[in-house]
Structures are given as structure tokens and as C-alpha cells.
Amino acid sequence: MKVTTAALPLLPLFQRLLPGLPGLPGLPAVPGLPDLASLPGRLTGLSLTLLKASALEAAILAGHLLLYPSGIIQERRPIQTLRPTDTHDAQNARDPQPSPPPPRLPAPVSPPVVLLHGFIDNRSVFLLLRRSLAQHGRHEIESLNYSPLTCDIRTAAELLGRHIEEICERTGSERVDVVGHSLGGLIARYYVQRLGGDLRVRTLVTLGTPHAGTKVVPLANAHPIVRQMRPGSAVIEELTRPAPGCRTRFVSFWSDLDRVMDPLETACLDHPDLSVQNVRVSGIGHLALPVHPTVATGIRQALDTAGPETGVETDTDTGKHHGGLTVA
């Protein structure tokens, strides 16, 4: 199979995602990519964990490319239906002596969950996570697609804010929970910290989000929103400013094999004014964070916990909460 040189700028990104990816015969050398001749020695030096993580990343990437078209169209909003009380009121209008209404179960206390995808992605990435949340009692789950042509994190955060206001108005809920993968977590954090979104967002879970900026793949700087994800950008600087009284609880999942975070610790959230729990995930890469069932369990626990989780270590010097997940 021939690969044209037009694809060369993308190879460093795929090599970051799939560290075991070999070079391709017939193509000029690309810095950072091994050639086929060096592959045996490279494989010898790779740990079994890294090989398994790379294989999983490749499988997830292939599956996600197949599912991607299904998530391009914006999610349909649910049609309003009559609640039991509305039905009973309508019967009262027709029947002067209606039968007593049936007993009702207590309304669920869990707020709606909003899912926000990462860069050049769409809502299809959350297919498995959404199913897991629904199976465990989360019935109000919605995904927001923002355009791949979006060039400003601030604009995307404003769109998220309007989306959340519409959800609250439609469902009658005062607050929502948000799960953001990669860039999606940064957009949601900007909404919470800089646009007053802490009034609406109860818990924000971020998955592989470059909270302090990432230096990966310099060639991607051609896209304005990638430049905003770089260390020292104006957006990153805004997020370091004081946020006194912020009412949102933050839970940040970061992976020790995340090839998109450079440095790895950039996916940890560190801010003196925020209530933060950083959870280290061992054994998987960037693409697996919104897909792997072990992480899904951790996300459910984070959303179902009003405060710090039982068993999470607390750093008494900084007040930060730390936990860990190991994916075999």
C-alpha cells in the first residue's frame, strides 16, 4: 500500500499516539520515527505494558474512525413528554371525579450529564461511556458537538454555556455534571472559571486535559485552538488567575502513558482556589481514557460522590486529593 507524502505531517501525531508504530518503506525519514530495520531492537526495549497500551490505542483509533461518521450530526434533543402529574391534571379537566393518582417513586437526585469531546473529534467517542452511565442510573445524558473549525476556546465555552442553560431549563435541574475529554475538558474549565459556569456545573471530570498546556506535535500550531493549548498561551494564563469561591468540584484523570500530554503532568489540575482530585490512570493511553471500562467506573464514582472519595489520599500540605486506577 502506498502512502503519499501529503500524510507526512500527520505521522508525528500518530507516532505519539502509537509509540510502537514503525517507519514506512519508501518514505523519507521523519524525525522521531524508527525505521523497519530498528524495529526488533525497539520492541525488545518496550515494556509489555507499553506494548499492550499501544495495541489498545491502535484498536480504539480504528474503531473510532468507523464510528466517527455517526457522531457528526448534532444530537437530537429529547421531545418533551407529559409527566405523571401533567397527565393527572389533564384527567381532572375531563373527569369531575378522577381516581387518585398512583404512588410515585422519588425523583432521581442525579443532575444531567453533559459530555464534551476533544480536538477534531465528535460525540461518537463517548458511545461506551454513555452506555455505562445509562446502565447505572444516569438517564439525562447529552453530548455537545462543537465544530472542528472552532478557532477559540472562549467561543466554544460560550456555546457550552448556552447548551447547559437550555438543558437546565428543559429538565428543571439547577446544575449539571460535565465530562470533558482532552480539549473538551479545557473548554468546560474555561466556562466554569471565567464565564460563571460554577453556578451551573456541580462536578467537572476531565480526561487527559492539558490544564497547563501541552507541547506535543509542534506542526499542529497551524491551528489557532492548538496554539491556545500551548504552555504560556493567553487562555492557559487566564486559567491560572484567582478563582475565589468557585463552587465546582474538579476531578482530573491523567494517564502515565498519555502520548498527547507533554509533559505528562500537564493533565493534573493544580490551582489554589479549586477543589481538585487528580486521579492517575496506569496502563492506557490518551484515546482509551473515555473508552476503558475501568475509567468509566472511576467517572461514575466521581459523579456519584459529593465530596472526596473514600480511600483517596489527601496531601495535607496542599489540600489536593490524589487517587489511582490501574488498568491491567
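Everything below is about the structure printed above this text.
Values in this document were obtained by computation on a predicted structure and should not be read as measured data. (Residues numbered from 1 in each chain as written. Predicted model: local features only at pLDDT ≥ 70, side-chain atom pairs only at ≥ 80, totals over all residues. Heavy atoms only, no water.)

Colleague: How would you sum up a nonpolar patch on the surface? Please name residues and give values.
Modeller: On the surface, a nonpolar cluster with roughly 230 Å² of combined accessible area is contributed by L67, L127 and L128. Mapped onto the elements of the fold, L128 is located in helix α5 (residues 127-135). (Patch = residues over 30% accessible without salt bridge, like charges linked within 9 Å, V, L, I, M, F, W, Y side chains within 5 Å. Areas by Shrake-Rupley, 256 points an atom, 1.4 Å probe, with all protein chains shown as cover. Salt bridge = Lys/Arg side-chain N within 4 Å of Asp/Glu carboxyl O. Helix = DSSP H or I, 4+ residues; strand = E, 2+ residues; numbered from the N terminus.)

Colleague: Could you give me a rundown of the packing of helix α6 (residues 153-171) against helix α7 (residues 183-194), with the residues and numbers involved?
Modeller: Interhelical geometry of α6 versus α7 gives an angle of 75 degrees and a closest axis separation of 8 Å. Considering the angle they form, α6 stands roughly perpendicular to α7. Residue-level inspection shows I153, R154, A156, A157, L160, G161, I164 and E165 of α6 in contact with α7, the latter providing L183, L186, I187, A188, Y190 and Y191. Each residue belonging to the contact of α6 with α7 can be placed in one class, and the counts come to 11 nonpolar, one polar and two charged. (Axes fitted to C-alpha atoms, helices over the stretch in contact; angles between N-to-C directions. Parallel < 35°, antiparallel > 145°, perpendicular 65-115°, else oblique. Contact = heavy atoms within 4.5 Å. Nonpolar A, V, L, I, M, F, W, Y, C, P; charged D, E, K, R; others polar.)

Colleague: If you had to explain the side chain of S173 to someone new, which residues and values would you point to?
Modeller: By the element assignment, S173 lies in the loop between α6 and β3 (176-181). With residues near it in sequence (within four places) discarded, S173 still touches P111, P112, C168 and R200.

Colleague: Please provide a residue-by-residue account of the pairing of β3, values included.
Modeller: Counting buried positions over the six residues of β3 gives six, a clear majority of the element. Side chains of β3 alternate between two faces, with V176, V178 and G180 and D177, V179 and H181 buried alike. Where strand β1 (residues 113-116) lies against β3, four bridges are found, and the strand directions are parallel. Residue L116 lies in a different strand from β3, and its bridge partner there is G180. In terms of strand pairing, β3 meets strand β4 (residues 201-207) through six bridges, oriented parallel. Considered in β4, the bridge of V178 is made with L204. (Buried < 20%, exposed > 50% of the residue type's maximum accessible area, 1.4 Å probe, protein only. Pairing = 2+ DSSP bridges.)

Colleague: Provide a residue-level description of unusual backbone geometry, including the pertinent values.
Modeller: Following D262, the chain continues to P263 via a peptide bond in cis, the omega torsion being 5 degrees. With respect to the helices, strands and loops of the structure, P263 is situated in the loop between β5 (249-255) and β6 (275-282). One non-glycine residue with positive phi stands out, namely I120, at about 50 degrees. Relative to the helices and strands, I120 resides in the loop between β1 and α5.

Colleague: If you had to explain helix α3 (residues 48-67) to someone new, which residues and values would you point to?
Modeller: Taking 1.5 Å per residue as the helical rise, α3 with its 20 residues ought to reach 28 Å, and the 29 Å between its terminal C-alpha atoms agrees with that figure. Residues of α3 that are buried include every one of L50, A53, S54, E57, I60, L61 and H64, and no others. End-on view of α3: buried residues confined to an arc of 130 degrees, all on one side of the axis. Those residues of α3 that are exposed and angled more than 90 degrees off the buried face are L48, A59 and L66. (Expected span 1.5 Å × (residues − 1). Arc of directions from axis to C-beta.)

Colleague: Please give an account of the packing of α5 against helix α10 (residues 293-304) that cites residues and values.
Modeller: Contact pair α5 / α10: the axes reach a minimum separation of 10 Å and the direction vectors enclose 50 degrees. As far as their axial angle goes, α10 and α5 are oblique. Between α5 and α10 lies a crossing of right-handed hand. Here α5 contributes L129, S132 and L133 to the contact with α10, which in turn contributes A296, I299, R300 and L303. When the residues that make up the contact of α5 with α10 are grouped by side-chain class, the tally is five nonpolar, one polar and one charged. (Left-handed = near helix turned anticlockwise from the far one by under 90°.)

Colleague: I'd like a rundown of the nonpolar core, residues and numbers included.
Modeller: As a rule of thumb, nonpolar side chains are buried together in soluble globular proteins. Within the largest apolar cluster, 34 residues are counted, with the highest numbers of intra-cluster contacts made by I153, L160, I164 and I187. Only β1, α6, β3, α7, β4, α8 (224-228) and α9 (234-239) provide two or more residues apiece to this core. Once you skip the residues sitting within four places of it in the chain, I187 turns out to touch L116, Y146, I153, A156, A157 and L160. Counting residues in each nonpolar core, the second largest holds 26 residues, with I60, F253, V281 and L289 among its members. (Core = buried A, V, L, I, M, F, W, Y, C linked by side-chain atoms within 4.5 Å.)

Colleague: Tell me what's going on with the environment of L115, and back it up with residues and numbers.
Modeller: Tracing the backbone through its elements, the reader meets L115 in strand β1. L115 sits 29 residues away from L144 along the chain, and the two C-alpha atoms are 6.5 Å apart. Once you skip the residues sitting within four places of it in the chain, L115 turns out to touch F126, L129, R130, L133, I141, E142, S143, L144 and V179.

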